[in-house]
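Listed below are the residues making up each chain.
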Amino acid sequence: MYIIVRKNNGATETLKKSNSRVKKTFNDFYTAHMLVKKLNSNTLSRMHWEVQQK
């Protein structure tokens, strides 16, 4: 299982499901990585997302 995280002012932020407090999880690295690429294309470099194994 994989999750998507980023550092925000020293705190770790986890990507959540829409309108929920539940962490969005992925069964495979490839799917998570593709979403990270899409998210990071519209995000400041200091706040880029990354895939982390859960």
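Use the structure listed above.
In what follows, the accompanying structure is described.

Procedures and definitions
- Residues numbered from 1 in each chain as written.
- Predicted model: local features only at pLDDT ≥ 70, side-chain atom pairs only at ≥ 80, totals over all residues.
- Heavy atoms only, no water.
- Helix = DSSP H or I, 4+ residues; strand = E, 2+ residues; numbered from the N terminus.
- Contact = heavy atoms within 4.5 Å.
- Pairing = 2+ DSSP bridges.

Turning our attention to the environment of glutamine 53. With respect to the helices and strands, glutamine 53 occurs in strand 4 (residues 50–53). Residues glutamine 53 and tyrosine 2, spaced 51 residues apart in sequence, show a C-alpha to C-alpha distance of 4.5 Å. With near-sequence residues (within four places) excluded, glutamine 53 lies in contact with Met1 and Tyr2.

Turning next to the pairing of strand 2 (residues 11–14). Sheet analysis places strand 1 (residues 2–8) next to strand 2, joined by four bridges and oriented antiparallel. If you follow valine 5 over to strand 2, its bridge partner there is threonine 14. Here strand 1 folds back onto strand 2 in antiparallel fashion, the turn holding two residues, of which asparagine 9 has a positive phi close to 55°.

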